[in-house]
Amino acid sequence: MSDPQTHRVDRPLRLLLVDDDAADRAAARRALQQGGLTVEAVEVADLEGARAALADGVYDCLLVDYFLPGSDGQQVIDLAASLGVTAPAIVLTGHGDEMLAADLLKRGAADYLPKSQLAHGHLARAVVQATRAHDLRRRERDARDVLTRHAERLHALVECSERIHACATLEEMVAAIAVEALRLFEARAVTVEVDARGEVEAITRVATSVESEAPAPEGPDDIVQALRDARGQRVGRLVLQGGVLLEPLAGAALLGKFARTAVVALENGALLRAATAASQSREEVLAVVSHDLRSPLGTVAMGAAMLRRSMTSPNGRFADDLEVINRITRSCKRMERLIEDLLDASRLDAGAAVVAPRALPAADLVHDAVDAAALEAAAGKVKVVAGEVAPLRVMADRDRVLQVLSNLVGNALKFTPADGTVTLGVEAADGVARFTVADTGAGIPPENMPRLFDRFWKGDRAGRHSSGLGLYIARGFVEAHGGRIAAESEAGRGTVFSFTLPLSP
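How each quantity is defined
- Residues numbered from 1 in each chain as written.
- Predicted model: local features only at pLDDT ≥ 70, side-chain atom pairs only at ≥ 80, totals over all residues.
- Heavy atoms only, no water.
- Helix = DSSP H or I, 4+ residues; strand = E, 2+ residues; numbered from the N terminus.
- Buried < 20%, exposed > 50% of the residue type's maximum accessible area, 1.4 Å probe, protein only.
- Contact = heavy atoms within 4.5 Å.
- Areas by Shrake-Rupley, 256 points an atom, 1.4 Å probe, with all protein chains shown as cover.
- Salt bridge = Lys/Arg side-chain N within 4 Å of Asp/Glu carboxyl O.
- Pairing = 2+ DSSP bridges.
- Axes fitted to C-alpha atoms, helices over the stretch in contact; angles between N-to-C directions.
- Polar contact = N/O pair within 3.5 Å; in protein donor to acceptor, adjacent residues only side chain to side chain.
- Parallel < 35°, antiparallel > 145°, perpendicular 65-115°, else oblique.
- Left-handed = near helix turned anticlockwise from the far one by under 90°.
- Nonpolar A, V, L, I, M, F, W, Y, C, P; charged D, E, K, R; others polar.
- pLDDT = per-residue confidence, 0-100.
- Core = buried A, V, L, I, M, F, W, Y, C linked by side-chain atoms within 4.5 Å.

### A look at the overall build of the chain
Right, so step 1: On a plain count of helices and strands, the chain comes out with 12 helices and 18 strands.
Right, so step 2: Within the span of the chain, comprising 505 residues, buried residues form 41% of the whole.
Right, so step 3: Pairs at least 24 apart in sequence give 70% of the contacts found in the chain among residues at least 6 apart.
Right, so step 4: Here the chain has roughly 27100 Å² of accessible surface; of this, 54% comes from carbon and sulfur atoms.

What follows is the structure, given as structure tokens:
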């Protein structure tokens, strides 16, 4: 509507004029026209005519004569209210009775006006003010309704959040998010997609209403809400399908709050999974320690007992004592190696592994690794040899790289049968030095290849003395040098482990 001083509105008004006097109806029409209003007036003369008109049409304002044949204007107002008509009513009276006017206003009239004051813009002004006040009240009522619905949705959101966070696993949380969004936004179908991040694989869950068995392909009317963490990084998305209507501002805010609730749940689910995995890892560590230390400790205890008996026996034999001492020494070395592996794995997990690279001949590293493996190889009747060794200089922490080679060679010896060969080599490849450890064993089953470098993972034939940390540690120290480690295997033709180190400038 425009400035009320002009008594004009920005659209035609539809009025119901209830008056039994045709001359008075004509006067009302002229007063409205003179006041600058464009109106469509439906005219009736009595209560029954008003009943029919109110049932058949929608009006912006009612102009009602107080005195009607067999009734009065108040009955028309009451009739309109009983039919659900909310348009404001202005009562026209030929009497300037203030008490009557006050009673009319109390009982539902928007205004009153003596018929003697219809001209000079008074009626037009009254109609404009009444319709404006009615529009303001309607908008206020609609806003309250929106706020009430929003408050109800917020309460429902709290309950949704409680149900989502009560789930025991990440997968259950994703499924609950889909179901709760379906209920909260009254959608036909909801799809929740979680992106793969770190140790969390991609997850997709769909929830549909009773009437729908599967979501339709995404369309332009679907509502897509990105799921982002506190740093703004996307962790997934939420798709609402089925004519979902969100109230302006309040609906968008509710969807945003639900999205944040979903992200918090997903992050908590991922943390729960990580905590569970950490707990399982600790259990595995305890199992490894209790199992792998118990055996060598038993050997040490048994050997000590044998030495005690031999040394106190007059017929003790030195050669036998020496073999017992050798067994004790080997058991101690195994325990020491296990402890060092556990410490190295812990440092790698914490990102605290330190390497100090310096320029070294690659050939020296290969030959030192061959020499270090000689005794273990001889015990298994396997040859460990140096193959093609390019004259390269690399940036390497000698102790750590020899540990990597020792782990790879030791792993190869476990799976290489007697009379087999483990060959070490190094070559230049794409600007780096590529070290290789190749064996003539049975090879690695394809299904085991993805898990080779996992912590505590052991192959089916790794043996009871394996901690499952050797390849994990090897990968950690290679990557700490800026290199990469890989494995290639073919059943019946052995395995080749390779890793890269940067060349010396």
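### A look at the pattern of salt bridges
Side chains carrying opposite charge are able to pair once their charged atoms draw close together.
Right, so step 1: Applying the stated rule across the entire model yields 22 salt bridges.
Right, so step 2: Close ionic contact of R138 with D135 constitutes a salt bridge, the shortest N to O distance being 3.9 Å. With R138 and D135 both in helix α5 (residues 122–165) and 3 residues apart, this pair spans about one turn of that helix.
Right, so step 3: What makes D135 buried here is its relative accessible area of 16%.
Right, so step 4: One salt-bridge network, held together by shared partners, links D19, D24, D65 and K115.

### A short note on the sheet that holds strand β18 (residues 495–502)
Right, so step 1: Ordered in space as β13-β15-β16-β18-β17, the 5 strands form an open sheet in which the pairing is mixed. Taken across any chain shown, the strands that pair with only one partner, and hence form the sheet edges, are β13 (383–389) and β17 (485–489). Ignoring which end each strand starts from, the neighbouring axes of this sheet average 20° apart.
Right, so step 2: Of the strand pairs in this sheet, β13 and strand β15 (residues 421–429) are connected by 5 bridges, and their pairing is parallel. Considered in β15, the bridge of V384 is made with V422.
Right, so step 3: Of the strands in this sheet, β13, β15 and β16 (432–439) are in contact with helix α9 (residues 362–372), which crosses β13 at around 170°.

### Things to note about the environment of A126
Right, so step 1: Mapped onto the secondary structure, A126 falls in helix α5.
Right, so step 2: Taking the C-alpha atoms as reference, A126 lies 8.5 Å from Y112; in sequence the two are 14 residues apart.
Right, so step 3: In contact with A126, not counting residues within four places along its chain, are I90 and D111.

### Points about helix α3 (residues 73–82)
Spacing of three or four residues puts side chains on the same side of an α-helix, whose turn is 3.6 residues.
Right, so step 1: Taken together, the buried positions of α3 are occupied by G73, Q74, V76, I77, L79 and A80.
Right, so step 2: Where α3 begins, the side chain of D72 points an oxygen toward the backbone nitrogen of Q74, at a separation of 3.0 Å.
Right, so step 3: Once α3 ends, the next one or two residues include G84, with phi positive near 80°.

### Notes on the side chain of Q403
Right, so step 1: Inspection of the secondary structure assignment puts Q403 in helix α11 (residues 398–415).
Right, so step 2: A distance of 3.0 Å separates a polar atom in the side chain of Q403 from a polar atom in the side chain of R400.

### A closer look at unusual backbone geometry
Right, so step 1: For H120, which is not a glycine, the phi torsion comes out positive at approximately 60°.
Right, so step 2: Secondary-structure assignment places H120 in the loop between β7 (111–114) and α5.
Right, so step 3: Phi is positive for E186, which is not a glycine, with a value near 55°.
Right, so step 4: The class of E186 is exposed, set by a relative accessible area of 60%.

### Quick look at the packing of α9 against α11
Right, so step 1: Direction vectors running N to C along α9 and α11 enclose 50°, while the axes themselves pass 10 Å from each other. Regarding the angle of α9 to α11, the classification is oblique. Read as a crossing pair, α9 and α11 show a hand that is right-handed. Across from L365, D368 and A369 in α9, the residues of α11 making contact are R398, V401, L402 and L405.
Right, so step 2: Class assignment for the residues of the contact of α9 with α11 results in 5 nonpolar, no polar and 2 charged.

### Thoughts on the confidence of the model for the chain
Right, so step 1: The predicted model of the chain has a mean per-residue pLDDT of 83, with 81% of residues at 70 or higher.
Right, so step 2: Looking at the elements of the chain, mean pLDDT is at its lowest for helix α8 (residues 318–349), recorded as 68, and at its highest for β16, recorded as 97.
Right, so step 3: In the predicted structure, residues 1–6 sits below a pLDDT of 50 and forms 13 contacts with residues beyond four places in sequence or in another chain.

### Observations concerning the nonpolar core
Right, so step 1: The biggest cluster of nonpolar side chains holds 45 residues, and the ones touching the most others in it are L365, V384, L405, L408, L424, F435 and F499.
Right, so step 2: Looking at this core, the elements that each hand over two or more residues are α9, β14 (393–396), α11, β15, β16, α12 (470–480), β17 and β18.
Right, so step 3: When residues in this core are grouped by element, the largest group, 8 residues, is from α11.
Right, so step 4: If you look at the next biggest cluster of nonpolar residues, it comprises 34 residues, including V194, A207, L238 and F258.

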